[in-house]
Amino acid sequence: MPIYEYQCGDCGHELEALQKMSDDALVDCPKCGQASLIKKVSAAGFRLAGSGWYETDFKSGKKKNLAGDGGSAAAAKSD
């Protein structure tokens with residue numbers, strides 16, 4: 001289940017809630033009691049890695065599509 005972040009539009013209180021994707025968004029602020037919670041947009045806290053993901057599939061040897069792996073060398077060659 002994902003963790004959603006909310007912020008109250010009235011008092012500014014921030015909270016996190018563990019909810020199912022199918023659950024309705026929270027609206028009542030637990031601090032001030034007003035129905036003014038707004039769901040915030042936040043980044044996911046995970047990275048897909050390991051066997052079975054494209055990053056490691058179809059590669060030979062130790063090659064991986066990781067940020068910083070050959071990116072600066074490739075950019076330097078194209079100059």
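Structure: above.
Right, let's walk through the structure included here. (Residues numbered from 1 in each chain as written. Predicted model: local features only at pLDDT ≥ 70, side-chain atom pairs only at ≥ 80, totals over all residues. Heavy atoms only, no water.)

**Here's the deal with the side chain of Gln19**
Point 1. Tracing the chain through its elements places Gln19 in the loop between strand E2 (14-18) and strand E3 (37-39).
Point 2. A distance of 3.2 Å separates the side chain of Gln19 from the backbone oxygen of Asp24, its partner in a polar contact.
Point 3. In contact with Gln19, not counting residues within four places along its chain, are Met1, Pro2, Tyr4, Tyr6, Asp24 and Leu26. (Helix = DSSP H or I, 4+ residues; strand = E, 2+ residues; numbered from the N terminus. Polar contact = N/O pair within 3.5 Å; in protein donor to acceptor, adjacent residues only side chain to side chain. Contact = heavy atoms within 4.5 Å.)

**Points about the sheet that holds E3**
Point 1. An order of E2-E1-E3 is seen for the three strands of this open sheet, with the pairing classed as antiparallel. Since the sheet does not close on itself, it has two edges, and those belong to E2 and E3, each with one partner. Between one strand axis and the next, the sheet turns through 35° on average, direction left out of account.
Point 2. Bridge analysis of strand E1 (residues 3-8) against E2 gives five bridges, and the strand direction is antiparallel. The residue of E2 that forms the bridge with Gln7 is Glu14. (Pairing = 2+ DSSP bridges. Axes fitted to C-alpha atoms, helices over the stretch in contact; angles between N-to-C directions.)

**Remarks on a nonpolar patch on the surface**
Point 1. Where nonpolar side chains cluster on the molecular surface, the patch consists of Met1, Ile3 and Leu18 and spans about 360 Å² of accessible area.
Point 2. Among the structural elements, Leu18 can be located in strand E2. (Patch = residues over 30% accessible without salt bridge, like charges linked within 9 Å, V, L, I, M, F, W, Y side chains within 5 Å. Areas by Shrake-Rupley, 256 points an atom, 1.4 Å probe, with all protein chains shown as cover. Salt bridge = Lys/Arg side-chain N within 4 Å of Asp/Glu carboxyl O.)

**Some details on the packing of aromatic side chains**
Point 1. Applying the stated criterion across every chain yields a total of zero aromatic pairs.
Point 2. The lysine or arginine in question, Lys39, covers the ring of Tyr4, its NZ or CZ lying 4.1 Å from the ring centre. (Phe/Tyr/Trp six-rings, centres within 6.5 Å; stacked < 30°, edge-to-face > 60°. Lys NZ or Arg CZ within 6 Å of the ring centre and 35° of its normal.)

**As for the nonpolar core**
Point 1. In this structure, Tyr4, Tyr6, Cys8, Leu15, Ala17, Cys29 and Leu37 together form the largest nonpolar core, which totals seven residues.
Point 2. Where this core is concerned, the elements lending two or more residues are E1 and E2.
Point 3. Element by element, the count of residues in this core is highest for E1, at three residues.
Point 4. Those residues in contact with Tyr4, other than ones at most four positions away along the chain, are Leu15, Glu16, Ala17, Gln19, Lys20, Met21 and Lys39. (Core = buried A, V, L, I, M, F, W, Y, C linked by side-chain atoms within 4.5 Å. Buried < 20%, exposed > 50% of the residue type's maximum accessible area, 1.4 Å probe, protein only.)

**Some thoughts on the pattern of salt bridges**
Two side chains that carry opposite charge are able to pair once their charged atoms sit near each other.
Point 1. Inspection of every chain in the model, using the stated rule, returns one salt bridge.
Point 2. Of the charged contacts, one joins Glu14 and Lys40 as a salt bridge, the two residues approaching to 3.5 Å between their closest N and O atoms. In this pair, Glu14 sits in strand E2 while Lys40 sits in the loop between E3 and helix H1 (71-78), placing the two residues 26 residues apart along the sequence.

**Some points on the environment of Ala35**
Point 1. Checked against the element boundaries, Ala35 lands in the loop between E2 and E3.
Point 2. The class of Ala35 is exposed, set by a relative accessible area of 59%.
Point 3. Along the sequence, Ala35 and Asp10 sit 25 residues apart, while their C-alpha atoms lie 8.9 Å from each other.
Point 4. With sequence-adjacent residues up to four places away left out, Ala35 is seen in contact with Val27 and Asp28.

Read these as geometric descriptors, not functional statements.
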